[in-house]
Amino acid sequence: MLNTIKPKVTLVGAGPGDPDLLTLKAVKALAEANVVLYDALANEEILAHAPQNAIKIFVGKKIGNHTYSQDQINQLIVDNALTYGHVVRLKGGDPFIFGRGSEEIEFIESFGITTSVVPGISSVVAVPASQGISITKRGVSESFWAITGTTSDRKLSSDVALAAQSSATVVILMGMHKLPQIIDLFQKENKGNLPVAIIQNGTTSEEKVGVGTVDSIINIVKEQKLSSPAIIVLGEVVRESNKLKGFYEEFLSKEIVR
């Protein structure tokens, strides 16, 4: 009997966390999946869009808890595509923004397997937007930096020091474990009064927000028990948010009283 399996892989961005922030193209790809490999940041409600009989494999990586190494994930994608046909690799946010999507594509295509990419709504813009923070705003911020807080060698990206020197909005992902180092770099640029927002589990029902300045944010993180996964936004645009204005006015009045 001839093997009629046609292996193909679709990299799908799951968006920032809210299952409603999934694209229609992503829903269609999931509906046609034989296998779904999903990571820790992809909301599991999204898996309901895949057929009930599709094989669903969790391959998430969190700090200190790697279910699979990246090499193992690459091999799993290929093995499942060759065995079952259509594999959807479901990744949080957008697959090509700190998601190692291009590495996975290169490996898969080296086996002659057809690939396609469904972009996802990146948490870089969506999570600040959910709090009314426009990361660019005329007259306030002309550009933004999107930086990973932790590089592949577990160090803080050297781009953070460059970003601290600019007038741009700075959005840092995966940076909570490096927050003291990040703050130190901004303080060295005399930016102690720069507004900061930290948004944990953005766009989900577990969302928590802490707002302050470069000089005060570490204490606010402790007081509010904020932790990963969270996005750090540094810039004057934080103060401009209508949603956070109440937080901010209350915070600033406390600072004046002190």
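Further up the page is the structure itself.
## Details of helix 6 (residues 179–188)
- Along helix 6, the residues classified as buried are Leu179, Ile182, Ile183 and Phe186. Looking straight down helix 6, one finds that the buried residues subtend no more than 95 degrees of arc, so they occupy a single side. The exposed residues of helix 6 that point more than 90 degrees off its buried face are Pro180 and Lys188.
- The inward-facing, buried residues of helix 6 contact helix 5 (159–165), strand 9 (169–173), strand 10 (195–200), helix 7 (217–224) and strand 12 (230–234).

## Quick look at the nonpolar core
- Formed by 23 residues in total, the largest nonpolar core has its most connected members in Phe186, Ile198, Ile232 and Leu234.
- For this core, the secondary-structure elements that each account for two or more residues are helix 5, strand 9, helix 6, strand 10, helix 7 and strand 12.
- The dominant element in this core, judged by the number of residues it contributes, is helix 6, at 4 residues.
- Not counting residues within four places of it along the chain, the set of residues in contact with Leu234 comprises Ala168, Thr169, Val170, Ile172, Phe186, Leu194, Pro195, Val196 and Val214.
- Among the nonpolar cores identified, the runner-up in size contains 16 residues, and Ala14, Leu30, Tyr38 and Leu47 belong to it.

## A word on unusual backbone geometry
- Of note, the amide linkage connecting Ser228 to Pro229 takes the cis form, showing an omega dihedral of -5 degrees.
- Looking at the secondary structure, you find Pro229 in the loop between helix 7 and strand 12.
- In this structure, Met174 takes a positive phi of about 55 degrees despite not being glycine.
- By the secondary structure assignment, Met174 is in the loop between strand 9 and helix 6.
- With a relative accessible area of 45%, Met174 lands in the partly exposed category.

## A few points about a nonpolar patch on the surface
- A cluster of nonpolar residues, Ile97, Phe98 and Met174, forms a patch on the protein surface that exposes about 250 Å² of accessible area.
- Mapping Ile97 onto the fold places it in the loop between strand 6 (86–91) and helix 3 (101–109).
- When its relative accessible area of 35% is taken as the criterion, Ile97 is described as partly exposed.

## Some points on the side chain of Asp94
- Among the secondary structure elements, Asp94 is positioned in the loop between strand 6 and helix 3.
- It turns out Asp94 is buried and unbridged, and the closest side chain with the opposite charge, Lys91, is 9.8 Å from it.
- Ignoring sequence-local partners within four residues, the contact set of Asp94 consists of Gly13, Pro119, Gly120, Ile121 and Ser122.

About the thresholds
- Residues numbered from 1 in each chain as written.
- Predicted model: local features only at pLDDT ≥ 70, side-chain atom pairs only at ≥ 80, totals over all residues.
- Heavy atoms only, no water.
- Buried < 20%, exposed > 50% of the residue type's maximum accessible area, 1.4 Å probe, protein only.
- Helix = DSSP H or I, 4+ residues; strand = E, 2+ residues; numbered from the N terminus.
- Arc of directions from axis to C-beta.
- Contact = heavy atoms within 4.5 Å.
- Core = buried A, V, L, I, M, F, W, Y, C linked by side-chain atoms within 4.5 Å.
- Patch = residues over 30% accessible without salt bridge, like charges linked within 9 Å, V, L, I, M, F, W, Y side chains within 5 Å.
- Areas by Shrake-Rupley, 256 points an atom, 1.4 Å probe, with all protein chains shown as cover.
- Salt bridge = Lys/Arg side-chain N within 4 Å of Asp/Glu carboxyl O.
- Lys, Arg positive; Asp, Glu negative; His and termini not counted.

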